[in-house]
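Overview (structure and organization)
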Amino acid sequence: MLLIDGKKISTDIKDELKVRVEELKSKGIEITLAVIQVGNDPASSVYVGNKKKACAYIGINSLAYELEESTTQEELLELIAKLNADSKVNGILVQLPLPSHINEKSIINAIDPMKDVDGFHPVSVGNLSIGQPGFLSCTPAGIVQLLKRSGVEIAGKECVVIGRSNIVGKPISLLMLRENATVTIAHSKTKDLKEVAKRADILIVAVGKPMFINSEYVKEGAVVIDVGIHRKEDGKLCGDVDFEDVKEHVSAITPVPGGVGPMTIAMLMKNCVDSIEIAEANNA
Ligand code: NAD
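Residues numbered from 1 in each chain as written. Predicted model: local features only at pLDDT ≥ 70, side-chain atom pairs only at ≥ 80, totals over all residues. Heavy atoms only, no water.

**With respect to helix α7 (residues 169–178)**
For α7, the set of buried residues is Gly169, Pro171, Ile172, Ser173, Leu175 and Met176. Taken from the residues just after α7, Asn180 is the one with a positive phi, measuring 70°. (Buried < 20%, exposed > 50% of the residue type's maximum accessible area, 1.4 Å probe, protein only. Helix = DSSP H or I, 4+ residues; strand = E, 2+ residues; numbered from the N terminus.)

Next comes the structure, spelled out in structure tokens:
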């Protein structure tokens, strides 16, 4: 059984990006990411801190906007408009979730699609669905890298995705289709989930329920990607997959932690670096 090492793969990607950033700098091109946080939710502060650290490691400039919880939607939209107009800013990231008085959809839609490094703007999602150059949603893009860099062949394989959220299930299904897998999307209304899941050569689980998937859902020799992250009562992390029960039956699997998790920030960094080429392709 191959343990897919997200920590190592994400570090490799960041090291490759570091080289690309140095090359861009030698041509006089700097990359700048603006990170906006509204309020001080502790989990969001950790994520934002990790994003800033990754920027520093790779050589991307980061501009941090730490706004009061009481910031109005208009004020946030004004800041986004200012950053959209600033040619020195390549990427704009608004840390979610936002306080309940701010409409997330309006905020995401206000970001210039050419600076949408989270890949959540409808233009980015549209580009993904028709195979145009654009920003890919970070966690799904990370999953494809995990598979490719672990030597898992995707083309022609049966891929079952469990979950259809806009941030994981739907975009990873589109990406696996783009990689020529035969894709099935299962969700809360799917009948005979065990039978459907057992078709999978590659089973991607983004169901949001701790240790939901056990060996009864997994075909012998399948590759299992576990997107879930949950904190158990004993303080340890676990995924949507019952790792101990499944591990003897799979050919490869991502652990939690250390699987999909570390890939998200690495792919955000990749989107920042790719922003130069994406803008060029869209202006052509
Ligand atoms: P979500 O709650 O938005 O979506 C869950 C999906 O699972 C839904 O589409 C639903 O139809 C499906 N589902 C729910 N119950 C089901 C059932 N009984 N049978 C079949 N399908 C069922 O969750 P999400 O945002 O897609 O996240 C999924 C998991 O991934 C969560 O644990 C989340 O914390 C984690 N996550 C991790 C990262 C990362 O960076 N590693 C990023 C995003 C999400």
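**Here we look at the site of the ligand**
Every one of the 23 residues lining the ligand counts as a neighbour, but Arg164, Ser165, His187, Lys209 and Thr264 are closest to it. Between an oxygen atom of the ligand and a main-chain N or O atom of Ile229, the distance comes to 3.4 Å. Coverage of the ligand by the protein chains reaches 72% of its 860 Å² of free accessible surface. Along the lines of polarity and charge, the residues of the shell around the ligand split into ten nonpolar, ten polar and three charged. (Near = heavy atom within 4 Å. Polar contact = N/O pair within 3.5 Å; in protein donor to acceptor, adjacent residues only side chain to side chain. Areas by Shrake-Rupley, 256 points an atom, 1.4 Å probe, with all protein chains shown as cover. Nonpolar A, V, L, I, M, F, W, Y, C, P; charged D, E, K, R; others polar.)

**A short note on the environment of Asp5**
Relative to the helices and strands, Asp5 is located in the loop between β1 (2–3) and α1 (6–26). Asp5 gets classed as partly exposed once you look at its relative accessible area, which sits at 37%. Sequence separation between Asp5 and Val260 is 255 residues, and the spatial gap between their C-alpha atoms is 8.8 Å. Polar side-chain contacts of Asp5 include one of 3.2 Å to the backbone nitrogen of Lys7. A polar contact is formed between the side chain of Asp5 and the backbone nitrogen of Lys8, at a distance of 3.1 Å.

**Focus: the domain arrangement of the chain**
For the chain, the domain assignment lists domain 1 (27–118) and domain 2 (138–261). One C-alpha centre belongs to domain 1, the other to domain 2, and the line joining them spans 29 Å. (Domains from an automatic or database assignment.)

**Remarks on the sheet that holds strand β2 (residues 32–38)**
Read from one edge to the other, the open sheet built from three strands follows the order β3-β2-β4, with strand pairing classed as parallel. The strands lining the two open edges of the sheet, one partner per strand, are β3 (61–67) and β4 (91–94). Averaged over all adjacent pairs, the angle separating strand axes in this sheet is 15°, with direction ignored. Of the strands in this sheet, β2, β3 and β4 touch helix α2 (residues 42–58), which is tilted by about 170° from β2. (Pairing = 2+ DSSP bridges. Axes fitted to C-alpha atoms, helices over the stretch in contact; angles between N-to-C directions. Contact = heavy atoms within 4.5 Å.)

**A look at the pairing of β3**
Pairing analysis gives seven bridges linking β2 to β3, with the strands arranged parallel. Bridge pairing in β3 places Thr32 opposite Asn61. The parallel pair β2 and β3 is bridged by α2, and the resulting crossover is right-handed. (Right-handed = clockwise from strand over helix to strand, strands pointing away.)

**Examining the pattern of salt bridges**
Evaluated as defined, the whole model comprises ten salt bridges. Note that Glu277 is salt-bridged to Arg20, the shortest N-O span being 3.4 Å. Pair noted here: Glu277 is in helix α10 (residues 261–283) and Arg20 is in helix α1, with a separation of 257 residues, a long-range link. Classification of Glu277 as partly exposed rests on a relative accessible area of 47%. (Salt bridge = Lys/Arg side-chain N within 4 Å of Asp/Glu carboxyl O.)

**Here's the deal with the side chain of Thr139**
As for its position among the elements, Thr139 is in helix α6 (residues 138–149). For Thr139, a relative accessible area of 16% puts it in the buried group. Setting aside residues up to four positions removed in sequence, Thr139 forms contacts with Val227, Val260 and Thr264.

**Things to note about the packing of aromatic side chains**
This structure, assessed with the given rule, holds one aromatic pair. With centroids separated by 5.9 Å and ring planes inclined at 40°, the aromatic side chains of Phe212 and Tyr217 adopt a geometry described as tilted. Given the relative accessible area of 30%, Phe212 is considered partly exposed. The exposure class of Tyr217 is buried, given its relative accessible area of 11%. (Phe/Tyr/Trp six-rings, centres within 6.5 Å; stacked < 30°, edge-to-face > 60°.)

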